[in-house]
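So you can see what is in the structure, the chains are spelled out below.
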Amino acid sequence: MLTKFETKSNRVKGLSFHSKRPWILASLHSGVIQLWDYRMGTLIDRFDEHDGPVRGVHFHKSQPLFVSGGDDYKIKVWNYKTCRCLFTLLGHLDYIRTVQFHHEHPWIVSASDDQTIRIWNWQSRTCISVLTGHNHYVMCASFHPKEDLVVSASLDQTVRVWDISALKKKSASPGDDMLRLNQMNTDLFGGVDAVVKYVLEGHDRGVNWASFHPSLPLIVSGADDRQVKLWRMNDTKAWEVDTLRGHMNNVSCVMFHSKQDIIVSNSEDKSIRVWDATKRTGIQTFRRELDRFWILAAHPEMNLLAAGHDSGMIVFKLERERPAFALSGDSLFYTKERFLRFYEFSSQRDTQVIPIRRPGTTNSNQSPRTMSYSPTENAVLLCSDVDGGSYELYIIPKDSISRGDSVPEAKRGAGGSAVFVARNRFAVLDRSNNQVLVKNLSNEIVKKSGLPTAADAIFYAGTGNLLCRAEDRVYIFDLQQRLVLGELQTPFIKYIVWSNDMESVALLSKHAIVIASKKLVHQCTLHETIRVKSGAWDDNGVFIYTTLNHIKYCLPNGDSGIIRTLDVPIYITKVSAGTVFCLDRDGKNRVIKIDATEYIFKLSLLKKQYDNVMKMIRGSQLCGQAMIAYLQQKGFPEVALHFVKDERTRFNLALESGNIQIAVASAKEIDEKDHWYRLGVEALRQGNAGIVEYAYQRTKNFERLSFLYLITGNMDKLTKMLKIAEVKNDVMGQFHNALYLGDVRERVKILENAGHLPLAYAAASAHGLEDIAERLAAELGDSVPTLPEGKKTSLLMPPMPLLCGADWPLLRVMKGIFEGGLDSTGRGNADEEEMDGQGDWEEELDVVDITGLENGDVIAMEDVEEGAEDGDEEGGWDLEDLELPPDVETPRPSSVQARSSVFVAPTPGMPVSQIWVQKSSIAGEHVAAGNFDTAMRLLNRQLGIRNFAPLKSLFLDLHTGSHAYLRAFSSAPVVSLAIERGWNESASPNVRGLPALIINFSQLDEKLKAGYRATTSGKFSEALRLFLSILHSIPLIVVESRREVDEVKELITIAKEYVLGLQVELKRREMKDNPVRQQELAAYFTHCNLQTPHLRLALQNAMTVCYKAKNLATAANFARRLLEMNPTLESQAKTARQVLQAAERNMKDVSELNYDFRNPFTTCGATYVPIYRGQKDVSCPYCSAKFVPSQEGQLCAVCDLAVVGADASGLLCSPTQVR
């Protein structure tokens, strides 16, 4: 059973599939009717007008209607489009059990506990017939799919078949009055429009269900006697054929399968059973733990069933419909029914090859699941679930592709997963022993390979390689070397599809697609809400895949989209040049044409193939909000501009791409204050003063205009702004403009006119305007303000701008592929003509001319008022064509004159930092250049470093230290100059040396000595800081000779040993309450590779700790080692000898330590436990500290930089290593 959809709800009593849409109705015991989309798994609607349980529900075949019947004695007809009940049919006197539409006539049949069956006309909304005869509840009634028959089942232990052919005649309109009178009599006194044809007796208890076979004269019924009975009928009689026993409780529903020769029944014994209708034996049983089953429904068109139970319902299939297939070049092998077939893509020829399965084995899910083909040997491997998983190997005779009649003998074997791995070898997965058996074409085992991780399926991954599927991952296994070549964590993978060049693989799970490289390096993951069904790679490296209802694409970067919708699911076999070849669920080959424009366009953008992009923009109908949003998101607003007609969108895109011309044109069309303001901001950013001025004029933003004139040094226009402020009686504006102009008399006048006489007096006095100051003092009388004494006054003038009035000069740049090239419509010829006059310019540059383009393209408005009102006039110079006589030759100016007429800014050279980065692959030099990103990548690759936090200050110091900084003048930024290593005056100015670095080897040497001193004096925290600082500096050091490289590597080892030893000792000092662990750590400290004086101190320390803890044997060992080192201090030697004498009297340890001095070991840098010789360990790729295997993937606890067990190429600190 393959469950497709499941719901949790109240008890489900009625079910009905929609014939066309992926919908199912479920009527519940709570009185609600639910409408579900079983493909999407969503609840579409709910209808709850019934009072009490709803036991019957049915969709109309063609109209947007469904009918329901419930315990409130009502039959309701609903329109699911308007989501309301159209009308209610009343007449039954007890619970209604089932309702059903007739497939042709406007009839509904209903069965009720009032012991009657009623047939209603839903168009006239009347009851047209009442079928009486049952003498207990009628549990179900249904129309025959083709003939004029109704079958009903009742608790009176009978099944009745009714003939309703007379009703059909009656429904045709009566011709004359006599017939109409007969009709009335019939309606009043009960007529013979429906008669009992057969009464089937045989069940010992009440019958719950009966249904017709879709095409044969058979009936199946299920009852409370736990039996399913099969009945046959002819024109005159009906009889019992057989009884199917097996259910343990009342059989609640039973029906024939529409596509296969089987019967499906369900029961209150919590099981669904599948029976073979010809052999009349049980095939399969599906059980639920807690829920009794009540109802079954079959899809009218598809191979789907649904069952309702106590806590919801399930939609399921009995067997897979995906045909097994295998591709080989231009051909396809696939299975259909009991045959292997061959299909040629080019000629679309489809032929039968060989029969593959013995007739009679029609058990569910026994058809082949997967197929593998070896083209050289013409051999096919088919895997199926028969006998818990088995394979069949067929060698196809060369001539049988044309005939398809011979039956070669298949070689069989156990194993549900088998694939060809070479020309004449195939691999079979032996799951019980977790190994792969490699066999030859005679089905003999050639080789066995154990798998590193338990796998439940294997797939082809290139010659000699297998892609193995474990529970939460896949890995590629090389059968020759028995190595794992790559591994990737994934959801549960169902299918894999290799690209044509075997460089990429798509891993398909139920709801996700993972794209990876051939070594299983992850590239992207796509999640789908609807089930993923199949996929194939097209010629451009785009993965085309299908879900239940769409064909979609996935680009290499993970972008996806819909190509087209599907009415029925398909399985893609091949994609080529806009054509999708696929198999449908009936095993038929189909060819679907698709429009690949959208994904080819996106792929070209992704691959930066801009020529293709241009062609497609010009030649295709690519447009729509989705495409514009995509281009914007991917950083191509200038391309999106060419799709857009809406001015607001054009304006936004133009601003985003910095295209001022289009923004101005759109702003004129829109003419809103906000858009002019935004245009002004962007133009100011580009230094385009003309357009900024124009934008401010359009919005009458006088404050901003004044400030603009101030920063561009346009004093004439500032004077005009002062006059405008005066006209508008804007006192604050007047004062600001006077301040910007440095006009003191004007400021004093404004303050006086505004009535601020004290301020006017202060301004006049401060600026030495004595005559005005005296006049104002006379006016003020006694209230003259006092000015501070001894202050020197000066005129407050705004600084002069560096660039007066004009727009910022523009650099010559390469014109972007999308600039101008796309604006060809209607302007192409003008561009060509302009090109002719550019002989003196470099040919490959499209020069943006300073005066004629962009920043010069707006008229500077002389009169503000005039400019603000005259908005419709197009900006720009009036450049008209001159009508010159054709024979006048224009003399070409010499290049010297041409150059002198216009200033061309020099081309900027390559920054020194960029030269450093290009020249070097040493991390320290990249840091000095300020290229921290590449430096971190280099350190990660060379030394496995992942934690860069300790290196942050070093990075900043190194970068700052390799540059000198010069102040220019106040409004210009600081100029930074790169300092080169080993520079001298004779060096060529064009050749750049490598950066001078502030970290050198002699500094580290000094730090090492300081660390030794701190260790000797027992300042362990200080010593640890110094040794760690050495370890953190070394990755960024640069040395000149090979000898120095060796010294650096030796320094790493020394620093690592001291860091580890000091960490162990500091840890020991924290362990006050754990004497055993204290002794162990003291012992491990003595096994670090320290300088002799320090090792003596460590041994003395360990000896003392163990002696105090009464571990005399261990203390004696340390004493012995101390004496062997010939201690220079007599006190050390004396103590050691005393400990030895004490121990010899009682050579015992009170507590057992995890320490064996006879067995060489290294100490784990994280857990501080010994790793003895021969035990597995992992090491830090940078400082080479050893760790227990569980620490793999963690940050190294010794250097605090690298990841334990990471791959790394090794320290690169000298140019000599590169050469």
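For the structure, see preceding data.
Since this is a predicted model, take the numbers as computed values, not measurements.

1. A short note on the sheet that holds strand E1 (residues 2-8)
Logical step 1: Spatially, four strands are ordered E1-E28-E27-E26 in an open sheet, and the strand pairing comes out antiparallel. The open sheet has two edge strands with one neighbour each: E1 and strand E26 (293-298). Recorded for the sheet is a direction-independent mean angle of 15° between the axes of neighbouring strands.
Logical step 2: Judged from the five bridges that link them, E26 and strand E27 (residues 305-309) form a sheet pairing that is antiparallel. The residue of E27 that forms the bridge with leucine 296 is alanine 307.

2. Overview of the environment of phenylalanine 651
Logical step 1: For phenylalanine 651, the position within the fold is in helix H8 (residues 647-657).
Logical step 2: As a C-alpha pair, phenylalanine 651 and glutamate 669 span 18 residues in sequence and 9.8 Å in three-dimensional space.
Logical step 3: Those residues in contact with phenylalanine 651 that sit more than four places away from it in its chain are Ala663, Ser666, Ala667, Ile670, His675, Arg678 and Leu679.

3. Topic: the sheet that holds strand E49 (residues 532-537)
Logical step 1: Spatially, E49-E50-E51-E52 is the arrangement adopted by the four strands of the open sheet, whose pairing is antiparallel. At either margin of the open sheet sits one strand with a lone partner, and together these are E49 and strand E52 (560-565). Across the sheet, the axes of successive neighbouring strands diverge by a mean angle of 25°, strand direction being ignored.
Logical step 2: Against the sheet, helix H4 (residues 597-606) touches strand E50 (543-547), strand E51 (550-554) and E52, its axis set at about 10° to E51.

4. Quick look at a nonpolar patch on the surface
Logical step 1: Judged by side-chain polarity, Leu684, Phe707 and Ile711 come together as a nonpolar surface patch covering roughly 260 Å² of accessible area.
Logical step 2: With respect to the helices, strands and loops of the structure, leucine 684 is situated in helix H10 (residues 673-685).

5. Focus: the pairing of strand E15 (residues 149-154)
Logical step 1: Across the six residues of E15, six count as buried, placing the element largely inside the fold.
Logical step 2: Burial of the side chains of E15 extends over both faces: Leu149, Val151 and Ala153 are buried on one face and Val150, Ser152 and Ser154 on the other.
Logical step 3: Between the antiparallel neighbours strand E14 (residues 138-143) and E15 lie five residues.
Logical step 4: Of the pairings in the sheet, the one linking E15 to strand E16 (residues 158-163) comprises five bridges and is antiparallel in character. When the sheet's bridge partners are listed, serine 152 is paired in E16 with arginine 160.
Logical step 5: As consecutive antiparallel partners, E15 and E16 are separated by three residues, and within that stretch glutamine 157 has a phi angle of approximately 75°, a positive value.

6. Observations concerning the packing of helix H28 (residues 1075-1085) against helix H29 (residues 1092-1108)
When two helices pack together, you describe them by how their axes are tilted relative to each other and by the distance separating the axes.
Logical step 1: Direction vectors running N to C along H28 and H29 enclose 160°, while the axes themselves pass 8 Å from each other. Between H28 and H29, the interaxial angle falls into the category roughly antiparallel. Once H28 is placed against H29, the crossing between them reads as left-handed. Taken together, the residues of H29 that come into contact with H28 (itself represented by Gln1078, Gln1079, Ala1082, Ala1083 and Phe1085) are Ala1098, Ala1102, Val1105 and Cys1106.
Logical step 2: Grouping the amino acids of the contact of H28 with H29 by side-chain chemistry returns seven nonpolar, two polar and no charged.

7. A look at unusual backbone geometry
Logical step 1: If you check the backbone angles, glutamine 157 has positive phi at about 75° while not being a glycine.
Logical step 2: Within the fold, glutamine 157 resides in the loop between E15 and E16.
Logical step 3: Assessed through its relative accessible area of 34%, glutamine 157 is described here as partly exposed.
Logical step 4: Phi at aspartate 671 takes a positive value of approximately 50°, unusual for a residue other than glycine.

8. Overview of the environment of asparagine 540
Logical step 1: Position of asparagine 540 among the secondary structure elements: in the loop between E49 and E50.
Logical step 2: Overall, asparagine 540 belongs to the partly exposed group, its relative accessible area being 36%.
Logical step 3: Residues asparagine 540 and leucine 555, spaced 15 residues apart in sequence, show a C-alpha to C-alpha distance of 9.7 Å.
Logical step 4: Other than its neighbours up to four places away in sequence, asparagine 540 contacts Ile600, Leu603 and Lys607.

9. Section: the pairing of E27
Logical step 1: Counting buried positions over the five residues of E27 gives five, a clear majority of the element.
Logical step 2: Burial along E27 is two-sided: the residues Leu305, Ala307 and His309 and Ala306 and Gly308 are all buried.
Logical step 3: Here E26 folds back onto E27 in antiparallel fashion, the turn holding six residues.
Logical step 4: Here E27 folds back onto strand E28 (residues 312-317) in antiparallel fashion, the turn holding two residues.

10. Some remarks on helix H25 (residues 1001-1016)
Logical step 1: Helix length check: H25 (16 residues) gives 23 Å between terminal C-alpha atoms against 22 Å at 1.5 Å per residue, within 8%.
Logical step 2: Listing the buried residues of H25 in full gives Phe1001, Leu1004, Leu1008, Gly1011, Tyr1012, Ala1014 and Thr1015. Burial along H25 is one-sided: seen end-on, the buried residues are contained in an arc of 165°.
Logical step 3: The inward-facing, buried residues of H25 abut helix H26 (1020-1033), helix H27 (1042-1070) and H29.

11. Side note on the side chain of asparagine 440
Logical step 1: Within the fold, asparagine 440 resides in strand E39 (residues 435-440).
Logical step 2: In terms of polar contacts, asparagine 440 uses its side chain to reach the backbone amide nitrogen of glutamate 444, at 3.0 Å.
Logical step 3: Apart from residues no more than four positions distant in its own chain, asparagine 440 is found in contact with Asn424, Arg425, Phe426 and Val446.

Conventions used here
- Residues numbered from 1 in each chain as written.
- Predicted model: local features only at pLDDT ≥ 70, side-chain atom pairs only at ≥ 80, totals over all residues.
- Heavy atoms only, no water.
- Pairing = 2+ DSSP bridges.
- Helix = DSSP H or I, 4+ residues; strand = E, 2+ residues; numbered from the N terminus.
- Axes fitted to C-alpha atoms, helices over the stretch in contact; angles between N-to-C directions.
- Contact = heavy atoms within 4.5 Å.
- Patch = residues over 30% accessible without salt bridge, like charges linked within 9 Å, V, L, I, M, F, W, Y side chains within 5 Å.
- Areas by Shrake-Rupley, 256 points an atom, 1.4 Å probe, with all protein chains shown as cover.
- Salt bridge = Lys/Arg side-chain N within 4 Å of Asp/Glu carboxyl O.
- Buried < 20%, exposed > 50% of the residue type's maximum accessible area, 1.4 Å probe, protein only.
- Parallel < 35°, antiparallel > 145°, perpendicular 65-115°, else oblique.
- Left-handed = near helix turned anticlockwise from the far one by under 90°.
- Nonpolar A, V, L, I, M, F, W, Y, C, P; charged D, E, K, R; others polar.
- Expected span 1.5 Å × (residues − 1).
- Arc of directions from axis to C-beta.
- Polar contact = N/O pair within 3.5 Å; in protein donor to acceptor, adjacent residues only side chain to side chain.

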